Amino acid sequence: MAATASGKDKLLRYARIFVGGYDLSGDALTVDTLDNTIGEADTTGWSEFNRNYIRDGRRTSAIRGFQALLNDTAGRAYARLVTSPDAIVTMGLGGGGEPAVPDPAYLIYAAQMGDTTSFNGNIGMISGDFLPLATQYSDVAINPMGHVLQGATSLSSTTTGSSHDNGAATSNGFHAHLHVLATSSGNFAITIEDSTDDSSWSTIATFTSTAGSITAERQTGTGTVERYVRAVLTRTAGTITVFIAYARN
């Protein structure tokens, strides 16, 4: 059954940021913007009174001004960001709690631009921007704004997630992120499915990872994505904690 959106209750307290296989939310201090804009081209003729524009056909995506505590514990902010790695990055924007279906999500396969270290008052912090990595982008992965399909909760059995109702099918493909945050001998088949009626389902993406190790993965697809979308995690063994989000184009 399709999950219901929670409305105007999105707080920074409930935002979560996942960089690769790591949840950095416990160290995060602030973020400036989650960019999703298209440039402008001025088409004003010299005899026209009002300036007018068309879109220039180029989208700008970026997570800018991310700041986190200078936590050098293994797997935390400093250890994860100091090498400025390329990374699959997702922000989930929770409504009244941690991000869950169908809360908004922001997806970017990023080149991290720097790791500036400074002090906020007396506490050390690390900051940087995440911009689209040129080698990872195509026409099926250009829209960063999407939805959560699986919140970061521990799973020890086969799980069929609640579906997201987009209102109608789309025809321009999709991209999806999987973040494996914890695993104890995990072995799950992880798929994304779509449906015209929230009843009969077809697989549109199968992640290579079986969640046996900490990792992150992106899947893309072309063509039609039906009105309803959900994640399915079929257990063979173990316990895992994963976060999944997707975006249509």
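Every chain begins its residue count from 1, and numbering advances along the sequence as written. Per-residue local features of the predicted model are confined to residues with pLDDT of at least 70, and side-chain atom pairs are confined, for both listing and counting, to 80 or more; whole-chain, interface and lining totals are unaffected and use all residues. Here the side-chain values reflect all heavy atoms present in the structure, with hydrogen atoms and water set aside.

## Considerations on the overall build of the chain
At step 1: A count of helical and extended segments in the chain gives 1 helix and 15 strands.
At step 2: Throughout, the radius of gyration refers to the C-alpha atoms, and the reference size of a globule is 2.2 Å times the residue count to the power 0.38. In terms of C-alpha radius of gyration, the chain reaches 19 Å, essentially the compact-globule figure of 18 Å for 249 residues.
At step 3: Here the chain, with 249 residues, has 44% of them falling under the buried criterion.
At step 4: Contact definition: two residues touch when any of their heavy atoms are within 4.5 Å. In the chain, once contacts between residues fewer than 6 apart in sequence are set aside, the share between residues at least 24 apart is 76%.
At step 5: Seen as two clouds, the 16 positive and the 23 negative side-chain charges of the chain have centres 3 Å apart. For helices the rule is a DSSP run of H or I covering at least 4 residues; for strands it is a run of E covering at least 2, with both sets numbered from the N terminus onward. Per-residue accessibility, obtained with a 1.4 Å probe over protein chains only, is compared with the maximum for each type, and a residue is labelled buried under 20%, exposed over 50%, and partly exposed between these values. In this tally, Lys and Arg are treated as positive and Asp and Glu as negative; His is ignored, and so are the chain termini. Positions of charges follow a simple convention, taking NZ of Lys, CZ of Arg, CG of Asp or CD of Glu.

## A look at the packing of aromatic side chains
At step 1: Between 30 and 60 degrees the pair is tilted, below 30 it is stacked and above 60 it is edge-to-face, where a pair is any two Phe, Tyr or Trp rings, Trp via its six-membered ring, whose centres lie within 6.5 Å. Taken as a whole and judged by the stated rule, the model has 2 aromatic pairs.
At step 2: On the numbers, 6.1 Å between centres and 45° between planes, the contact of Phe66 with Phe130 is tilted. One end of the pair, Phe66, is in strand β5 (residues 53-69); the other, Phe130, is in strand β8 (residues 123-132), with 64 residues separating them in the sequence. Exposure class is identical for Phe66 and Phe130. Each is buried.

## Some thoughts on the side chain of Ser195
At step 1: Examined against the element boundaries, Ser195 turns out to sit in strand β12 (residues 174-195).
At step 2: We classify Ser195 as buried; its relative accessible area is 2%.
At step 3: Contacts described as polar in this section are N or O atom pairs within 3.5 Å, which, within protein, must combine one atom able to donate a hydrogen with one able to accept it, while residues neighboring in sequence count only if both atoms come from side chains. Among the polar contacts listed, one links the side chain of Ser195 to the side chain of Asp197, at a separation of 2.9 Å.
At step 4: Non-local contacts of Ser195, meaning those with residues more than four positions away in its chain, are made with Ser200, Trp201, Glu226, Arg227 and Tyr228.

## A few points about the pattern of salt bridges
At step 1: When a carboxyl oxygen of Asp or Glu is within 4 Å of a side-chain nitrogen of Lys or Arg, the pair counts as a salt bridge. Under the definition given, this model contains 7 salt bridges.
At step 2: A salt bridge links Asp35 to Arg64, with the shortest nitrogen-to-oxygen separation between them at 2.7 Å. In this pair, Asp35 is assigned in strand β4 (residues 33-42) and Arg64 in strand β5, connecting sequence segments 29 residues apart.
At step 3: The shortest N-O distance in the salt bridge between Asp165 and Arg227 comes to 2.7 Å. Here Asp165, found in strand β11 (residues 164-165), pairs with Arg227, found in the loop between β14 (215-221) and β15 (228-248); they are 62 residues apart in sequence, far enough to count as distant.
At step 4: Assessed through its relative accessible area of 28%, Asp165 is described here as partly exposed.

## Focus: the nonpolar core
At step 1: Among the buried residues, those of types Ala, Val, Leu, Ile, Met, Phe, Trp, Tyr and Cys that are joined through side-chain atoms within 4.5 Å form a nonpolar core. Counting residues in each nonpolar core, the largest one holds 20 residues, and the members touching the most others are Ile190, Ile192, Leu233, Val242 and Ile244.
At step 2: Mapped by element, the contributors of at least two residues to this core are β9 (145-155), β12 and β15.
At step 3: Core analysis: the second largest hydrophobic core is formed by 17 residues, Ile17, Val19, Phe66 and Val89 among them.

## Here's the deal with the layout of surface pockets
In this approach, a probe sized like a water molecule rolls over the atoms, and the result shows the empty space that is left.
At step 1: The method works on a 1 Å grid over the protein atoms by themselves. A cavity is a set of points holding a 1.4 Å probe that cannot get out, a pocket is an open set with protein on both sides within 12 Å along at least five of seven lines, and residues with an atom within 4 Å of a point line them. Grid points are joined across faces, edges and corners, and a volume is the space filled by probe spheres set on the points. Put simply, the largest pocket is a space of about 170 Å³.
At step 2: Taken together, Leu12, Arg13, Ala15, Arg16, Ile17, Ser25, Ala28, Leu29, Thr30, Val31, Phe66 and Met91 make up the full set of residues lining the largest pocket.
At step 3: Those elements that provide at least two residues to the lining of the largest pocket are β1 (10-19) and β3 (28-30).
At step 4: At 5 residues, β1 tops the list of elements feeding residues into the lining of the largest pocket.
At step 5: Under the grouping applied here, Gly and all other residues not named as nonpolar or charged are polar, the nonpolar ones being Ala, Val, Leu, Ile, Met, Phe, Trp, Tyr, Cys and Pro and the charged ones Asp, Glu, Lys and Arg. Among the residues forming the lining of the largest pocket, the class breakdown is 8 nonpolar, 2 polar and 2 charged.

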